[in-house]
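What follows is the residue order along each chain.
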Amino acid sequence: MTNAHLNRRHVLAGLASAASLPGIVQAQTGTPRKGGTLKVSHSTRIAQLNVLQLSGPSEYLAVDMIYSGLVRLSPTMVPTPELATEWTPNNDATSFVFKLRPGVTFHDGTAFSSADVVATFKAILDVATKSPARAVLDMIGDIVAVDALTVRFDLKVPYADLPVSVAHANARIVSAAALKQPLTLLDTTANGTGPFKIESFDSSRFLKLVRHPGYYRPGQPYVDVVEMYLFPDLAAEAANYLSGAMDVMLEVQQADFKRIASAPNSNALRIPSGRFVNVVMRMDQKPFDDVRVRTAMAYAIDRPTLVDLVLEGLGRPAKDNVISPGYRFLADTPDVSYDPARAKRLLAEAGYPQGLKIPLVCSNRPAIRSQVGIAIKSMAQPAGFDIDVQTIPHDTYLANVWRKGNFYVGFWGMQATEDAAFTLLFTTTAAFADTAWNNKEFDALVEKGRSSPDEGERRRIYAEAQALMVRDRPSIIPFFQDVLTASRSVVKGWSAHPLSRTFYVENVWLERA
Amino acid sequence: MNAAYLGRRLASMMLVLVIVSLTVFAITLILPGNAAVMILGEYATPDQLRVLELELGLDRPWHVQYLGWMGKLLAGDWGASMRLSVPVGGLITEALWRSAALAAAALAMVMVVAIPLGIVAALKRGTWVDLAISFFAYLGTAVPEFVTATLLLIFFAAPDRGWFPAGGFVPAAENRLLFLYHMCLPAATLSLILTAHIARQVRSEMSDVLASDYVRAARLKGLPERTVVLRHALRNAMAPAVAVISLDVGYLLGGIIVVEEVFAWPGLGRLIIYALQNRDLPVIQAATLVLATVYALSNLVSDLVIAALDPRVRYA
Amino acid sequence: MLDIWRHPTGLIGSCLLALVLGAAVFGAVLAPYDPQLFQPLARLQGPSAGHWLGTDQFGRDILSRILHGARATIAFGVGATLLGVVAGAVIGVTAGVVGTWVDSLIMRTIDGLLAVPDLLFTLLIVTVLGGGTGHAMLAVAVAFTPGMARISRSAVLSIRTREFVQAATARGESRIYIMAAEVLPNSVGPLIVEATIRVSFAVLLGATLGFLGLGAQPPSTEWGLMIAEARQFMFRNPWCVAAPGIAIAMTAMGFNLFGDALRDVFDPRGRR
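Rules used in this analysis
Residues numbered from 1 in each chain as written. Chains lettered and ligands numbered in written order. Predicted model: local features only at pLDDT ≥ 70, side-chain atom pairs only at ≥ 80, totals over all residues. Helix = DSSP H or I, 4+ residues; strand = E, 2+ residues; numbered from the N terminus. Buried ≥ 20, exposed ≤ 12 C-beta atoms within 10 Å, placed from the backbone. Contact = placed C-beta atoms within 7 Å. Pairing = 2+ DSSP bridges. Axes fitted to C-alpha atoms, helices over the stretch in contact; angles between N-to-C directions. Nonpolar A, V, L, I, M, F, W, Y, C, P; charged D, E, K, R; others polar. Left-handed = near helix turned anticlockwise from the far one by under 90°. pLDDT = per-residue confidence, 0-100. Core = buried A, V, L, I, M, F, W, Y, C linked by C-beta atoms within 7 Å.

Quick look at the overall build of chain B
Scanning chain B from terminus to terminus reveals 12 helices and zero strands. Reading the secondary structure of chain B in the N-to-C direction produces α-α-α-α-α-α-α-α-α-α-α-α. Looking at chain B residue by residue over its 316 residues, the buried ones come to 44%. Expressed as a percentage of contacts within chain B between residues at least 6 apart in sequence, the contacts between residues at least 24 apart total 72%.

With respect to the sheet that holds strand 6 (residues 140–147) of chain A
All names here are of chain A. Pairing is antiparallel in the open sheet, where four strands are placed in the order 4-5-7-6. In this open sheet, the two edge strands, each paired with only one partner strand, are strand 4 (84–89) and strand 6. On average, each strand axis in the sheet is tilted by 20° relative to the strand beside it, whichever way the strands run. Contacts between helix 3 (residues 114–125) and the sheet are confined to strand 5 (95–100), strand 6 and strand 7 (150–155), with strand 6 contributing the most and set at about 170° to the helix.

Some words on the interface of chain B and chain C
Frequently, the measure chosen for interface size is the accessible area that the parts lose on association. Of the residues lining the interface, 32 residues belong to chain B; the matching set on chain C comes to 34 residues. If you list the elements that add at least two residues to the side of chain B that touches chain C, you get helix 1 (3–30), helix 6 (128–142), helix 7 (145–156), helix 8 (176–210), helix 10 (225–262), helix 11 (268–277) and helix 12 (281–309) of chain B. For the side of chain B that touches chain C, the leading source of residues is helix 1 of chain B, giving seven residues. Taken together, the residues of the side of chain B that touches chain C break down into 24 nonpolar, seven polar and one charged.

A closer look at the packing of helix 2 (residues 62–98) of chain C against helix 7 (residues 175–211) of chain C
All names here are of chain C. Between helix 2 and helix 7, the least distance of the axes is 7 Å, while the angle of their chain directions is 145°. Every pair of crossing elements has a handedness; the one defined by helix 2 and helix 7 is right-handed. Together, Thr73, Phe76, Gly77, Val78, Ala80, Thr81, Val85, Ala89, Val93 and Val97 of helix 2 and Arg175, Met179, Val183, Leu184, Leu191, Ala195, Arg198, Val199, Ala202, Val203 and Gly206 of helix 7 make up the contact between the two elements.

Structural notes on the confidence of the model for chain A
Residue and element names in this part refer to chain A. Chain-level pLDDT for chain A is 90 on average; 94% of the residues reach the 70-or-more range. Considering each helix and strand of chain A separately, the mean pLDDT is smallest for helix 1 (residues 8–15), with a value of 34, and largest for strand 7, with 97. In the model, residues 1–28 has pLDDT below 50 throughout and makes 34 contacts with residues more than four positions away in sequence or in other chains.

Concerning the nonpolar core
Within the largest apolar cluster, 333 residues are counted, with the highest numbers of intra-cluster contacts made by A:Ala300, B:Ala287, C:Leu120 and C:Val140. The contact partners of C:Val140, leaving out residues within four places of it in the chain, are C:Ala80, C:Thr122, C:Ala202, C:Leu205 and C:Gly206.

Some thoughts on unusual backbone geometry
All names here are of chain A. Note that the residue after glutamine 220, namely proline 221, is joined by a cis bond; omega there is -5°. The topology assignment puts proline 221 in the loop between strand 9 (206–211) and strand 10 (225–230). Going from lysine 286 to proline 287, the amide bond is cis rather than trans, its omega being -5°. Within the secondary structure, proline 287 is located in the loop between strand 12 (266–281) and helix 9 (291–299). Even without a glycine there, the phi angle at alanine 436 is positive, about 55°. Inspection of the secondary structure assignment puts alanine 436 in the loop between helix 14 (418–425) and helix 15 (440–451). Of note, the phi angle at asparagine 438 is positive, near 50°, even though the residue is not glycine. A count of 16 C-beta atoms within 10 Å places asparagine 438 in the partly exposed class.

This is the structure we're talking about:
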């Protein structure tokens, strides 16, 4: 993760002309061969292909192959050129100019230009489009086509990380012509600029993509065909991969990882990520309005054991700081060791000398929520917590508990920036402010960090924000979960990303081809 | 075939389907409370929720909604899936054929295995063969499909053996052999319970018939045992067996839901589970109605077959 | 009742039932461990002297979990069936005794409901109610009701034509008296038989719902849920899946065999 500390300006200049990324293609030896069919298995349905709206894990792989964005996040979370070749902010980070790549064509052969970019971002900012990207792009005031190959984003507030936000996986460029038609057409058809185009799509089982001959990276993609197969049953998916019927298993379950890693002709990949499960303790309600109760909870959890039990060791213990080691501005915060005696003392000081009996609500999807709940129940018992784990259906959870209950288990993906991580859950105006922390000092720090163009100052500000977060502990973040994937050894260049949003399939080639 | 009997049965089937449609509609009316939340998931913002709720347009009175739905349904417009954004009609037809193929394969396996098993058990009544078959029959009905499916996966699709694919689907149009190959394990799972059940029925029917005066008379006439069993006894034991098979179509339609989920068979069962999990109301409504229609039709067909085998029924 | 044990099926069924019911009553006392106790150092172990059926992914003792789960599983099966039988009997007897258009209306509705396969019907209701053990039990009961109503109605009809009921009608007894004193006690036999066999269906349905994530929820020790949770680990420790699977099969088979034997006793002319 040292690459994450690269100087920002250096990165912008250095990558402007680079077609491929260090650490992706070069990690594999040998000359890429052309041709062949890559078979990928996945366990969640590709319900739709509308790149502006979708949010399923397998859907993100599909659109990463079909569409391109202006920029794409590299595995080290640095924005790298795609349809935009370079970008420059003004002095106070309120306006960004993006230069577009010339000679790019959509799958239907029409030319790509600034009009498509403007139309796409206007669609994302329209509430009716229901795009998940809107939340991270709503600082955009206006977007202007300066000429056919130049666009300018004018922001309502200073925002230094705009290129990262623009790299949002849902902010891929859709042709202006397609956006004039009914949006529902985008659910099953696509006209993108990505390396592959749709050949056939059956949302109940199968997506077949073929090479886009006009792709703007010459000679790429290497494989002719990519087929994605849906296996809703995880045991069946693993068996299919191990028998050689599939080349890539998009997401490997923790329980299967060792078996798959030790299988012959199989490469299992484990990428540290910032995905996390958190135990929400609502701060405007009893008993968690008292910081001593929250701290007691923090010391009542044996985090390394939790990682072993729930993640099979495939993750990293965390210290209630939402910023994981993959981010640029991680600050060192104090360790939280398992100390039931101390937790018991804190509970007694807070007025619960007999211990605290409390129900912990877990949604049944994904199963990791109740696994964490059950493990915490058993760990926190010696500290005086008598936790009653209640697993309920996901929709009941969303309707009745989430953002309403006082003690439940959340599950979140990694965000692209520190700002996105903070404003997702923890600031007063956060999109999902479910801990009710409402700390003005923290809000101000996040605001300042986002608009400051100076690297050193941002580091200092974000460190302060993180210190504040572990002091107040609005929620318990016990671990960060690794991203797990696997490919057979004939597959070269298969990679994964901490955010699980970009996959670089255009770099993949098959030795048997 | 008596036209009046047929007409009466058809009319009662229509009535049944109207009742099913009302029931399903009532159930889906209670559901939408969470539909918008479920569709947009955790990342929804309040304004997106509002937009979707308006789109769903659930503000009209129930009978207007029901009549509108039925009218469109009868006109061939099944609406669009809320989650998959494709017309429900196509979605269901495609899934229905895949499920039907699976069910037909399972039924064929059952016929080939269950009926001979039942006959053998009846002929060898009281011996260890009969006991073994009876034990298997009881065991078969006592193990749920998901356990059978899991055990078959471990034994026949374990990666190191890989005798059969561990689930998946290849369209028959693409490769007929692979299509059948992928069908083996799910069809075997489905047929296990039915085999147990039907073998038991055939055994008891056959035992009764074999003990009847009619068969005794045939034996006394000196007819060879083969002729007695196959010509006389089996024919008389078939009518009740057909009735049981048609009842078992109900089991089959239920079993398919679990089996398709485990073996990644993209049929009606998986579609229903997906629709229920995601509160996809139009799909839930249509798929349930289609399954009920299939069931009702199979009952009708079995009634007709029984009537043909046993003339007394027609006037009952 | 002694007759039951003369049938080999009845004898085996009774033994299985005794075993399962014994586990339901004494399981919590007999269990060697706390079913929720984590033993992080003893995860996914095979059978041993310390853990007769091995341990699951959290190092919980499988035997203890199965013994504890027996009560939940039996209570689920019996509870759902009882609810379904009572509701079905009330509806069916009403239809049979009242007759006329009420009977027709009830029977047509029941035909409609029976046209939806059991599992699908249960899934629909559970989805409406929102999952969990209680709701799953209610859903299975509702799914059983139409079938039970039809059986009790036909039992009533067949009894209504018998001499003692006709005699009571001739005596000028009220309908309610006839229903309560003559019809109901005499239709109980077939209902009990049907109910016993249905318990095994209810156990299977409950396990299936648990497996699909719509029935019992973690950390419950319901057997279907145990299998669902352990499936991911089935290659590492097959006992996680096999042990609760065998427990389910034993229970379902026990009720099934016992019910069949019961039928022979109640109705010696019956063919099975």
